[in-house]
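Examining the three-dimensional arrangement
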Protein chains: 6
Amino acid sequence: MPVITIEGPAGISKEVKKELIEKVSQTAADIYNMPINTINVLIIENEADNVGVGGKQLSEIK
Amino acid sequence: MPVITIEGPAGISKEVKKELIEKVSQTAADIYNMPINTINVLIIENEADNVGVGGKQLSEIK
Amino acid sequence: MPVITIEGPAGISKEVKKELIEKVSQTAADIYNMPINTINVLIIENEADNVGVGGKQLSEIK
Amino acid sequence: MPVITIEGPAGISKEVKKELIEKVSQTAADIYNMPINTINVLIIENEADNVGVGGKQLSEIK
Amino acid sequence: MPVITIEGPAGISKEVKKELIEKVSQTAADIYNMPINTINVLIIENEADNVGVGGKQLSEIK
Amino acid sequence: MPVITIEGPAGISKEVKKELIEKVSQTAADIYNMPINTINVLIIENEADNVGVGGKQLSEIK
């Protein structure tokens, strides 16, 4: 712990995931003033059909 | 915020997801008395092998 | 399962929670075409200090 | 990772939490065949007013 | 309720999932002193690219 | 969406939460290349009794 879950769009590259993990972990470690090895990150990829924003299906907004 | 996560069965159609998003968002907006554009919905699809109900694997119950 | 988690504002009344549970459960049961006794709902109350919308602390927006 | 989140009733003792953490972590470590030091557990306590089971508010069922 | 979400590695077998469901549910039922039929379990499978441990992408650590 | 949930320690100040929200949101917006107003953040505070790390209760490790 801490555990940071990032619910985001599907289909992002391995490099984008790597950058998210590195930078979000470092940001949290710095602000919480905790060692970075305590930080866990989970990136969840959500298809646009499965996401609602403002009552609309994201795939319908695009 | 609010963010509503719906952990449900896998393999539902786009139309079912659309209806879930629309009706759950509207229900929450009405009851919270908040504008619908503040409501986020995430539909997560779970395979029956990955779900336990009462200590049993859902795919074994069906 | 299904399990519906509603991350919303803190300080809502018991009656509002009751209405959310009843109506969101019924909506999900109808749309998933599943018996209502399979539906679990968890209402999580979030203080405005703990919520970010568009990069801003919700308590700072109000 | 693994991260195990246990959404359960509020008001359980420190000892019950300790036992949950120890036994659930060991069970997961054994079955996943992973070292126990990789296992994180989060116990979330939910008031009965905030929980819906079968469309009913848990505090109303008791 | 209780609802136990197990965020773990991807690619585990149906039998491993079954064992996780059975043993984690029984452990929780015993410790919470609640009937096992109240326990829900969700097993989420995470690809190593999507997981950060100590600021590093899990697929890069292996 | 995206929705970023940060499960961290309890008892952090409003300023720390504000900084977490601002910096984690900006980091995610930059890396996802999405407008910052699409980013939601939820900070969850966990008591040390409720957290397990490596099979041990966090409050017992300190």
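Residues numbered from 1 in each chain as written. Chains lettered and ligands numbered in written order. Predicted model: local features only at pLDDT ≥ 70, side-chain atom pairs only at ≥ 80, totals over all residues. Heavy atoms only, no water.

Examining the relation of the copies chain A and chain F
In the superposition of chain A on chain F (RMSD 0.0 Å, axial shift 0.0 Å), the rotation amounts to 180°. Taken together, the turn and the small shift mark the pair as related by a two-fold rotation axis. Within chain A, Thr5(A) has its C-alpha nearest the rotation axis, a separation of 2.6 Å. Counting the interface residues of chain A, we find that 100% of their copies in chain F are interface residues as well, pointing to one common contact surface. (Least-squares fit on C-alpha atoms with pLDDT ≥ 70 in both. Contact = heavy atoms within 4.5 Å.)

Some remarks on the pattern of salt bridges
All names here are of chain B. Applying the stated criterion across every chain yields a total of 30 salt bridges over all chains. Ionic pairing is found between Lys23 and Glu19, a salt bridge with its closest N-O pair at 2.8 Å. Residue Lys23 and its partner Glu19 are located together in helix α1 (residues 14-32), separated by four residues, close to a single helical turn. On the accessibility criterion, Lys23 (42% relative accessible area) is partly exposed. Looking at Glu19, the relative accessible area reads 31%, which means it is partly exposed. (Salt bridge = Lys/Arg side-chain N within 4 Å of Asp/Glu carboxyl O. Helix = DSSP H or I, 4+ residues; strand = E, 2+ residues; numbered from the N terminus. Buried < 20%, exposed > 50% of the residue type's maximum accessible area, 1.4 Å probe, protein only.)

Overview of the packing of helix α1 (residues 14-32) of chain D against helix α1 (residues 14-32) of chain E
Running from N to C, α1(D) and α1(E) point in directions that differ by 165°, and their axes come no closer than 10 Å. On the basis of the axis angle, α1(D) is roughly antiparallel to α1(E). Here the hand of the crossing between α1(D) and α1(E) comes out right-handed. Counted together, Val16(D), Glu19(D), Leu20(D), Lys23(D), Val24(D), Thr27(D), Ala28(D), Ile31(D) and Tyr32(D) of α1(D) and Val16(E), Glu19(E), Leu20(E), Lys23(E), Val24(E), Thr27(E), Ala28(E), Ile31(E) and Tyr32(E) of α1(E) form the full contact between these two elements. Taken together, the residues of the contact of α1(D) with α1(E) sort by class into 12 nonpolar, two polar and four charged. (Axes fitted to C-alpha atoms, helices over the stretch in contact; angles between N-to-C directions. Parallel < 35°, antiparallel > 145°, perpendicular 65-115°, else oblique. Left-handed = near helix turned anticlockwise from the far one by under 90°. Nonpolar A, V, L, I, M, F, W, Y, C, P; charged D, E, K, R; others polar.)

Here's the deal with the UniProt feature "domain: 4-oxalocrotonate tautomerase-like" (unreviewed entry) in chain A
What UniProt calls "domain: 4-oxalocrotonate tautomerase-like" (unreviewed entry) maps, in this numbering, to residues 2-59 of chain A. Secondary structure over residues 2-59 of chain A splits into 36% helix and 33% strand, and the C-alpha atoms at its two ends are 32 Å apart. (UniProt positions renumbered as here; feature names shortened; annotations may be inferred.)

Section: the sheet that holds strand β1 (residues 3-9) of chain B
The strand order β4(A)-β3(A)-β2(B)-β1(B)-β1(C)-β2(C)-β3(D)-β4(D) describes an open sheet built from eight strands, whose pairing is mixed. In this open sheet, the two edge strands, each paired with only one partner strand, are β4 (56-57) of chain A together with β4 (56-57) of chain D. Helix-sheet contacts for α1(B) involve β3 (51-53) and β4 of chain A, β1 and β2 (40-46) of chain B together with β1 (3-9) and β2 (40-46) of chain C, and the interaxial angle to β2(B) is about 140°. (Pairing = 2+ DSSP bridges.)

What to know about the UniProt feature "active site" (unreviewed entry) in chain A
Residues annotated by UniProt as "active site" (unreviewed entry) correspond here to Pro2(A). Note that Pro2(A) resides in the segment before β1 (3-9). On the accessibility criterion, Pro2(A) (0% relative accessible area) is buried. When sequence neighbours within four positions are dropped, the list of residues in contact with Pro2(A) reads Tyr32(A), Met34(A), Thr38(A), Ile39(A), Asn40(A), Glu7(F), Gly8(F) and Pro9(F).

Some points on the relation of the copies chain C and chain B
Note on the copies: chain C fits chain B at an RMSD of 0.0 Å, the axial shift is 0.0 Å, and the rotation between them is 180°. Take the interface residues of chain C: 96% of them recur as interface residues in chain B, which is what a same-surface contact looks like.

Notes on the interface of chain C and chain B
Taken together, the contact pairs 25 residues of chain C with 24 residues of chain B. Between chain C and chain B lies a buried interface of about 2000 Å² when both sides are counted; carbon and sulfur atoms form 78% of it. Taken as a group, Met1(C), Ile31(C) and Tyr32(C) account for 36% of the area that chain C buries against chain B, more than any other trio of residues on that side. Inspection of the chain C/chain B interface yields zero salt bridges. At the level of secondary structure, the elements contributing two or more residues to the side of chain C that touches chain B comprise β1, α1 (14-32), β2 and β3 (51-53) of chain C. (Buried area = accessible area lost by both parts, 1.4 Å probe.)

Considerations on the interface of chain A and chain F
Between chain A and chain F, the contact holds 25 residues from the first and 25 residues from the second. Scanning the region where chain A abuts chain F turns up zero salt bridges. Our count for the chain A to chain F interface comes out at three residue pairs in polar contact (both at pLDDT 80 or more). Elements with a contribution of two residues or more to the side of chain A that touches chain F: β1, α1 (14-32), β2 (40-46) and β3 of chain A. (Polar contact = N/O pair within 3.5 Å; in protein donor to acceptor, adjacent residues only side chain to side chain.)

With respect to unusual backbone geometry
The omega angle of the peptide bond from Met1(A) to Pro2(A) is 10°, so this bond is cis rather than trans. In this structure, Asn33(B) is a non-glycine residue whose phi angle is positive, near 55°. Along the chain, Asn33(B) falls in the loop between α1 and β2. What makes Asn33(B) exposed here is its relative accessible area of 68%.

Re the sheet that holds strand β1 (residues 3-9) of chain F
On the basis of which strands lie adjacent, the open sheet formed by eight strands has the order β4(C)-β3(C)-β2(F)-β1(F)-β1(A)-β2(A)-β3(E)-β4(E) and mixed pairing. The sheet terminates laterally at β4 (56-57) of chain C together with β4 (56-57) of chain E, the two strands that pair on one side only. Alignment of strand β3 (residues 51-53) of chain E against β4(E), held across two bridges, turns out to be antiparallel. Across the sheet, residue Gly52(E) finds its bridge partner in β4(E), namely Gln57(E). Helix α1 (residues 14-32) of chain F rests against β1 and β2 of chain A, β3 and β4 of chain C together with β1 and β2 (40-46) of chain F of the sheet, and its axis sits at about 140° to β2(F).

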